[in-house]
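Here are the chains, one letter per residue:
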Amino acid sequence: MTRITVAKGDGIGPEIMDATLKIIKAAGAKIEIDEIEVGEKVYLSGNTSGIANESWDIIRRNKIFLKAPITTPQGGGYKSLNVTTRKFLGLYSNVRPCMSLHPFVETKHPNMDIVIVRENEEDLYAGIEHQQTDEVVQCLKLISRPGCEKIIRYAFEYAKVYGRKKVTCFTKDNIMKQTDGLFHEIFDEIALEYPEIENEHWIIDIGAAKMADTPEIFDVIVTLNLYGDVISDIAAQIAGSVGLAGSANIGEECAMFEAIHGSAPRRAGQNMANPSGLLEGAVMMLNHIGQTEVAEKVQNAWLKTIEDGIHTYDIYKENISKVKVGTKEFAEAVIENLGQKPSILKVVNFSKDAVLTLPKYEKKTPKNKELVGVDLFVHWNGTNPDEIAEILQSINTENKELTMITNRGIKVWPEGFNETYCTDHWRCRFKPTNGKIMFKNQIITLLTRALEAKIDVIKTENLYEFDGKSGYSLGQGQ
Ligand code: NAD
């Protein structure tokens with residue numbers, strides 16, 4: 001018996017949750033349920049996080065959380081409960097299988113069967129944003145080695161346990177050489193540990209285009225948070241409907257399972273919604289807690305029901321479907337089919353060990369880190385890079401020199417182009433003149449002199465080498 005936390009959510013949430021629980025219980029799921037209230041009511045009672053502290057205690061104690069979609073009220077100030085839950089509980093992996101159900105659900109891609117493994121905690125989702133000058137704001141993209149190792153290993157382990165043949169990595173490392181570059185580098189490292197699984201890397205733009213055009217050439221796709229967010233919705237939609245896809249959010253301690261769609265408030269309370277997305281989330285949950293036989297039974301009965309043409313309104317098509325049913329009737333039909341298998345769609349056969357056990361991240365030996373320069377970011381309203389270069393050279397002291405100025409990343413000094421548009425946000429790079437090493441007190445001197453000269457330094461970024469390897473990007477055009 002596994003004790004799980006359940007939240008019925010808002011909109012269509014309670015109906016699809018009731019249907020899902022009824023099906024998995026009828027299939028023999030050994031679960032005990034603690035129900036908590038999250039979402040709209042909690043938000044509107046004045047709790048901006050949408051969840052009470054006592055509910056966190058229950059989620060953390062049970063570790064397994066099955067959550068229906070919730071409505072985030074309009075207007076500012078309400079924090080997304082999904083993002084908070086993923087981060088608080090360290091749910092680093094977001095797994096979204098997207099499979100077409102051809103010829104029973106209309107799709108342009110009859111042979112599509114992919115699983116998107118999306119990094120769930122890092123990237124631009126860290127939410128670290130600042131306005132730095134009148135004209136420029138920034139968002140920090142943070143990528144960590146533990147974050148990459150965990151998600152990439154998860155993708156390969158998933159492929160191994162679920163009999164998948166290939167893992168594809170999507171990044172934009174031709175542009176973001178440090179951040180996406182690290183993700184790609186670690187992908188190549190970890191791929192070596194799984195010689196039986198094919199691996200490949202695509203640049204995200206062409207990779208996404210290819211996925212939308214010929215998804216059948218992909219199997220498991222692993223990618224960074226933002227790209228994964230975008231491509232998993234596309235994948236679910238082109239497979240047939242966002243209403244059919246479930247999602248698992250997995251961490252080292254806890255896990256949360258849900259549908260990928262929202263609370264569809266316009267459909268609420270009418271016994272219309274398709275419970276399949278949440279049911280698919282529940283099947284992943286059953287696999288995760290080791291109840292693989294029950295998961296298999298539910299999945300095959302669900303496939304059989306879709307094959308029988310028993311469809312809710314969202315996938316109902318005159319020439320394909322047989323009966324249009326409501327949420328409750330669909331659930332009844334799946335229950336009727338428990339123990340049966342589909343005859344045309346692929347029968348699932350979850351292996352006994354469809355449970356992923358990943359090693360904890362092991363800290364690496366720190367590298368030899370050397371300070372080799374500094375970038376001063378300056379708010380300056382002029383337009384001629386030669387002028388700001390002259391001002392900065394005037395505050396420079398011995399043993400270091402101004403080597404480059406960029407504006408929005410493009411080199412504008414020395415030898416910039418007149419055509420390059422310059423904002424009020426200038427990055428000015430100083431490097432040591434004698435030898436390679438810079439000292440932190442040289443940066444302090446530089447900042448003190450900038451202050452005296454009324455130069456508005458809005459931030460500094462230290463330039464490091466790690467074991468002799470450059471830890472910063474060059475200016476574009478440098
Ligand atoms: P949505 O996914 O709720 O609905 C979009 C449309 O898709 C609906 O109008 C409906 O026609 C269809 N649809 C979605 N799920 C369906 C189902 N199970 N069966 C049949 N049809 C279905 O997206 P939205 O309208 O943009 O968002 C509504 C609310 O849901 C918002 O408050 C949003 O913040 C929230 N939301 C919550 C989650 C979550 O809790 N995980 C995720 C996304 C959106």
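Refer to the structure above for everything that follows.
In this text, all values refer to a predicted model and were calculated from it rather than measured experimentally.

Draft legend 1. Representation of the packing of aromatic side chains. According to the stated counting rule, one finds 11 aromatic pairs in the structure shown. Where Tyr 162 meets Phe 350, the ring centres are 6.1 Å apart and the plane angle is 80 degrees; that geometry is what we call edge-to-face. With Tyr 162 in the loop between α5 (145-161) and β8 (166-171) and Phe 350 in the loop between α11 (327-336) and β15 (369-379), the pair connects residues that are 188 residues apart, well separated along the chain. The class of Phe 350 is buried, set by a relative accessible area of 16%. Considering the side-chain rings of Trp 202 and Phe 218, the 5.6 Å spacing of their centres and the 65 degrees angle between planes classify their relative orientation as edge-to-face. Taken together, the positions of Trp 202 in strand β9 (residues 198-203) and Phe 218 in the loop between α7 (204-213) and β10 (220-223) put the pair 16 residues apart, joining distant regions of the chain. Per residue, the accessibility class of Trp 202 equals that of Phe 218, and both read buried. Grouping aromatic residues by their ring pairs yields a cluster made of Phe 156, Phe 187 and Tyr 194. The side chain of Lys 369 reaches across the aromatic face of Tyr 464, ending 4.4 Å from its centre. Its end group placed over the ring of Phe 377, Lys 459 keeps NZ or CZ at 5.0 Å from the ring centre.

Draft legend 2. Representation of the site of the ligand in the model. Taken together, 19 residues form the shell around the ligand, and within it Ile 70, Gly 262, Ala 264, Asn 274 and Tyr 313 come nearest. Here Thr 72 contributes a backbone N or O atom positioned 3.3 Å from an oxygen atom of the ligand. Residue Ala 264 places a main-chain N or O atom 2.7 Å away from an oxygen atom belonging to the ligand. Starting from 810 Å² of accessible surface for the ligand in isolation, the protein chains cover 68%. Taken together, the residues of the shell around the ligand break down into 7 nonpolar, 7 polar and 5 charged.

Draft legend 3. Looking closely at the nonpolar core. Within the largest apolar cluster, 96 residues are counted, with the highest numbers of intra-cluster contacts made by Ile 24, Leu 66, Ile 152 and Val 222. Top element by residues in this core is α5. It accounts for 8 residues. Look past the residues within four positions of Val 222 in its chain and what remains in contact with it is Val 117, Ile 151, Ile 152, Ala 155, Val 167, Thr 168, Cys 169, Phe 170, Phe 183 and Phe 187. If you look at the next biggest cluster of nonpolar residues, it comprises 23 residues, including Leu 376, Ile 405, Phe 430 and Ile 455.

Draft legend 4. Expanded view of the side chain of Asn 274. Inspection of the secondary structure puts Asn 274 in the loop between β12 (255-259) and α9 (276-288). In this structure the side chain of Asn 274 is engaged in a polar contact, spanning 3.3 Å, whose partner is the side chain of Thr 312. Reaching out from Asn 274, the side chain makes a polar contact with the side chain of Asp 314 at a distance of 3.1 Å. If near-sequence neighbours (up to four positions away) are discounted, Asn 274 is found in contact with Ile 16, Gly 243, Leu 244, His 261, Thr 312, Asp 314, Ile 315 and Phe 330.

Draft legend 5. Here's a closer look at the packing of α9 against helix α10 (residues 292-307). Closest axis-to-axis distance for the α9/α10 pair is 7 Å, and the angle between their directions is 155 degrees. With respect to α10, the axis of α9 lies roughly antiparallel. α9 and α10 meet at a crossing whose hand is left-handed. When α9 is examined against α10, the residues Ser 276, Leu 279, Glu 280, Val 283, Leu 286 and Asn 287 are found in contact with a partner set consisting of Thr 292, Val 294, Ala 295, Val 298, Gln 299 and Trp 302. Tallied by class, residues from the contact of α9 with α10 come to 7 nonpolar, 4 polar and 1 charged.

Draft legend 6. Layout of a nonpolar patch on the surface. A cluster of nonpolar residues, Leu 226, Val 230 and Ile 234, forms a patch on the protein surface that exposes about 210 Å² of accessible area. Within the secondary structure, Leu 226 sits in helix α8 (residues 225-239).

Draft legend 7. How the structure looks around the side chain of Thr 85. By the secondary structure assignment, Thr 85 is in helix α4 (residues 81-88). On the accessibility criterion, Thr 85 (1% relative accessible area) is buried. Those residues in contact with Thr 85, other than ones at most four positions away along the chain, are Trp 56, Phe 65, Leu 91 and Met 256.

Draft legend 8. How the structure looks around the sheet that holds strand β19 (residues 456-466). The strand order across the open sheet formed by 6 strands is β17-β16-β18-β15-β19-β20, and the pairing between neighbours is antiparallel. The open sheet has two edge strands with one neighbour each: β17 (410-413) and β20 (469-470). As judged from the 2 bridges shared by β19 and β20, these two strands associate in the antiparallel manner. Looking at the pairing, Glu 465 lines up with Ser 470 of β20. Most of the contacts of helix α12 (residues 385-395) go to strand β16 (residues 400-407), to which it runs at about 150 degrees, and overall it touches β15, β16, β17 and β18 (425-432).

Draft legend 9. Inspection of unusual backbone geometry at higher detail. In this model, His 102 is joined to Pro 103 through a cis peptide bond whose omega is 0 degrees. Summarising the element assignment, Pro 103 is placed in the loop between β4 (93-99) and β5 (113-119). Each neighbour pair has its own omega, and for Trp 413 with Pro 414 the value is -10 degrees, a cis peptide bond. Residue placement: Pro 414 occurs in the loop between β17 and β18. Located in the positive-phi region is Asp 123, a residue other than glycine, with phi close to 70 degrees. Here Asp 123 shows up in the loop between β5 and β6 (129-131). We classify Asp 123 as buried; its relative accessible area is 1%. Non-glycine residue Asn 271 carries a positive phi angle of around 55 degrees. Along the polypeptide, Asn 271 turns up in the loop between β12 and α9. Looking at Asn 271, the relative accessible area reads 25%, which means it is partly exposed.

Conventions and cut-offs
- Residues take numbers from 1 onward in each chain, read along the sequence in its written order.
- Totals for whole chains, interfaces and linings use every residue, but because this is a predicted model, local features are given only for residues with pLDDT of at least 70 and side-chain atom pairs only at 80 or more, for both listing and counting.
- Only hydrogens and water are set aside; all other atoms, that is, all heavy atoms of the structure, feed into the side-chain values.
- For this analysis, a ring pair means two rings from Phe, Tyr or Trp (six-membered ring only for Trp) whose centres lie within 6.5 Å, classed as stacked if their planes differ by under 30 degrees, edge-to-face if by over 60, and tilted for the remaining angles.
- Secondary structure elements are taken from DSSP: a helix is a run of H or I of four residues or more, a strand is a run of E of two residues or more, and numbering for both begins at the N terminus.
- To sort residues, take the accessible area from a 1.4 Å probe on protein chains only and compare it with the maximum for the residue type: under 20% means buried, over 50% means exposed, and anything in between is partly exposed.
- Placement of a charge over a ring requires the Lys NZ or Arg CZ to be within 6 Å of the ring centre, with the centre-to-atom vector within 35 degrees of the ring normal.
- We define proximity as follows: a residue is near a molecule or strand when any one of its heavy atoms falls within 4 Å of that partner.
- A 3.5 Å cut-off defines polar contacts: any pair of N or O atoms within that distance qualifies, except that in protein one atom must be a possible hydrogen donor and the other a possible acceptor, and neighbouring residues in sequence count only when both atoms are side-chain atoms.
- Surface exposure here means Shrake-Rupley accessible area, sampled with a 1.4 Å probe, where a residue is shielded only by the protein chains that are shown.
- Residues are grouped as follows: nonpolar covers Ala, Val, Leu, Ile, Met, Phe, Trp, Tyr, Cys and Pro; charged covers Asp, Glu, Lys and Arg; every other residue, Gly included, is treated as polar.
- The set of buried Ala, Val, Leu, Ile, Met, Phe, Trp, Tyr and Cys residues whose side-chain atoms join them within 4.5 Å is what this entry labels a nonpolar core.
- Pairs of residues are marked as contacts when any of their non-hydrogen atoms sit within 4.5 Å.
- To get an axis, a line is fitted to the C-alpha atoms, and for a helix only the part in contact is used. The angle between two axes follows their N-to-C directions and goes from 0 to 180 degrees.
- Here is the rule for angles: anything less than 35 degrees is roughly parallel, anything more than 145 is roughly antiparallel, 65 through 115 is roughly perpendicular, and the remaining ranges are oblique.
- It is the rotation of the near helix from the far one that decides the hand of a crossing: anticlockwise by less than a right angle makes it left-handed, clockwise makes it right-handed.
- For patch building, the residue pool is restricted to those with more than 30% relative accessible area and no salt bridge; the joining distance is 9 Å between like charges and 5 Å between nonpolar side chains (Val, Leu, Ile, Met, Phe, Trp, Tyr).
- Here, a salt bridge means any side-chain nitrogen of Lys or Arg that lies within 4 Å of a carboxyl oxygen of Asp or Glu.
- One bridge is not enough; two strands pair if DSSP finds at least two bridges between them.

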